[in-house]
Amino acid sequence: MKYRDDAAFAHEMDAQDPLAKFRAQFHIPQHDGNDCIYFCGNSLGLQPKAVEAAMTQELTDWKNLGVEGHFHGKHPWMPYHEFVAENAAYVVGAKPSEVVMMNGLTANLHLMMVSFYRPTKTRYKILIEYTPFPSDIYAVQSQAKFHGFDPADAIIEMKPRDGEPTLRQEDIEDVVAREGQGIALILIGGVHYYTGQFFDIARITEAGHKQGCMVGFDLAHAAGNVLLKLHDWNVDFACWCSYKYLNSGPGAVAGAFVHERHAKSFDLPRFAGWWGNDKSVRFKMGPQFQPMTGAEGWQLSNPPIFALAPARVSLDIFREAGMDNLRSKSTQLTAYLEYLLHNLKLPSLKIMTPANQSERGCQLSITVQDNGRKVFDALQKAGVVCDWREPDCIRVAPVPLYNSFNDVYRFAEIFKGAAA
Ligand SMILES: *Cc1c(COP(=O)(O)O)cnc(C)c1O
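Residues numbered from 1 in each chain as written. Predicted model: local features only at pLDDT ≥ 70, side-chain atom pairs only at ≥ 80, totals over all residues. Heavy atoms only, no water.

Caption draft 1: Region of interest: empty space enclosed by the protein. Under the defined criterion, the tally for this structure stands at one cavity of 30 Å³ or more. In terms of lining residues, the largest cavity is bounded by Gly224, Tyr245, Asn247, Phe318, Leu326, Val399, Pro400, Leu401 and Tyr402. Residues of the lining of the largest cavity, tallied by class, amount to seven nonpolar, two polar and no charged. Counting the residues that make up the lining of the largest cavity, at least three belong to each of domain 1 (7-35 + 322-419) and domain 2 (55-319). (1 Å grid on protein atoms, 1.4 Å probe; cavity = no way out; pocket = protein on both sides within 12 Å on 5 of 7 lines; lining within 4 Å. Points joined across faces, edges and corners; volume = space filled by probe spheres on them. Nonpolar A, V, L, I, M, F, W, Y, C, P; charged D, E, K, R; others polar. Domains from an automatic or database assignment.)

Caption draft 2: Inspection of the pattern of salt bridges at higher detail. This structure, assessed with the given rule, holds 21 salt bridges. We note a salt bridge from Lys329 to Asp17, for which the minimum N-O separation is 2.7 Å. Here Lys329 is found in helix H12 (residues 323-343), whereas its partner Asp17 is found in the loop between helix H1 (7-16) and strand E1 (30-31), with 312 residues between them in sequence. There is no split in this pair, since Lys329 and Asp17 are both buried. Between Glu157 and Lys159 there is a salt bridge, with the nearest N and O atoms lying 3.5 Å from each other. Of the residues examined, Glu157 reaches a relative accessible area of 27% and is grouped as partly exposed. (Salt bridge = Lys/Arg side-chain N within 4 Å of Asp/Glu carboxyl O. Helix = DSSP H or I, 4+ residues; strand = E, 2+ residues; numbered from the N terminus. Buried < 20%, exposed > 50% of the residue type's maximum accessible area, 1.4 Å probe, protein only.)

Caption draft 3: Structural context of the pairing of strand E12 (residues 364-368). Summarising burial for E12: five of the five residues are buried, a large majority. Neither face of E12 is exposed, since Leu364, Ile366 and Val368 on one face and Ser365 and Thr367 on the opposite face are all buried. Bridge count for strand E11 (residues 349-351) against E12 is three bridges, and the pairing is antiparallel. By the bridge assignment, Lys350 is partnered in E12 with Thr367. Where E12 meets strand E15 (residues 393-396), three bridges bridge the pair, whose relative direction is antiparallel. Across the sheet, Ser365 pairs through a bridge with Arg395, a residue of E15. (Pairing = 2+ DSSP bridges.)

Caption draft 4: Representation of the layout of surface pockets. By volume, the largest pocket is sized at about 210 Å³. Around the largest pocket, the lining comprises 15 residues; the ones closest to its centre are Phe198, Phe199, Asp200, Ser358 and Glu359. Broken down by secondary-structure element, the contributors of at least two residues to the lining of the largest pocket are helix H8 (169-179) and helix H9 (201-210). The biggest single contributor to the lining of the largest pocket is H9, with three residues.

Caption draft 5: Geometry of the nonpolar core. Grouped together as the largest cluster of nonpolar side chains are 68 residues, with contacts concentrated most on Val92, Ile186, Leu219, Trp240 and Leu401. The biggest single contributor to this core is helix H11 (residues 305-321), with nine residues. Counting residues domain by domain, this core receives three or more from each of domain 1 (7-35 + 322-419) and domain 2 (55-319). The residues touching Leu219, leaving out its near neighbours within four places in the chain, are Gly190, Ile201, Leu228, Leu230, Ala238, Cys239 and Trp240. By size, the runner-up hydrophobic cluster in this structure holds 34 residues, among which are Leu344, Val375, Ala412 and Phe415. (Core = buried A, V, L, I, M, F, W, Y, C linked by side-chain atoms within 4.5 Å. Contact = heavy atoms within 4.5 Å.)

Take a look at the structure:
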């Protein structure tokens, strides 16, 4: 793709973009009467306009039907989580029976680790990527401690080579080959929240399985961002939140994937609740827990309808737009952003995200030596919404559903002024 550094080029790209129409389905925050340049979908995705009606529908059904809404609501509450499973499965490349929307991300990580982190005296380590998201490191530390291990010994945090911001695939595979027999669980953020590095999930999973490890992924920054094929890649389990790229609203219900081969692993320990119990006997209210097959068997509580309603309509949009189309526009948008940033020819500017498109999603993580914070403040003042992560990183994430090439062009213009 040949890019040009002028506004006309950005307009041409938008005019040819088959996904451009989706922007109108979202509320875009305003700044001085204009649309913000919202590059923060990696933190909180924007609100689809359809969400309001979807929420109102549930309020109306509750108002008019009371408890009967479980069966006679427009979208009956009893099987409500099933309405989102199919599209959620589509987004992560899974079968519907392998996916359930429930709880929050960190809670799901714990539930999955209860079943899939089964340390023994000789195989008890957890392999995790460099500087993981804090919640993930707290979760694995506390799981190791829960099983009586010292996190300092039990957790292997892979570090990039000196002077390199991201990990090399061959170095990951080396660690797995060298230490694999002592590793009970490999748990990696599929797309790194800070650097934007997209790991090779298929190859890591294969390498881990060869050593007898369980392999799970935190897909908070991957779901709805990159193409995933969790089923084909044989991943054991995965968890993700849906308020980031999946636009399902603040604190939205999270997702969990359990591979089909564990669907009937009823001997695996799990923390149980009545919504994980076999539907046919759930309301017999008996004391004997008979888990449902598949991911649904890990549910605890009846689903939070007001939290799932936005997910239902948001995931519909992903289905309609198509993940292949989204990824294809996304790689172009981000490559255009990268091109324009390089074109600024600022010696102080560095992009830590891999240049290789198959190793990143839409996010670029930028550092500006010495005056990064000043640049960030100027961006904000000019109506750019992106974020600052200590110590020196500006994360920008143009997303293909509601961002345009013109957004990217304007961003680069503002950046030029801010860094001057
Ligand atoms: C956003 C994010 C979280 C947040 O966890 P919650 O339980 O949803 O609050 C956790 N881990 C990663 C990798 C994230 O990117």
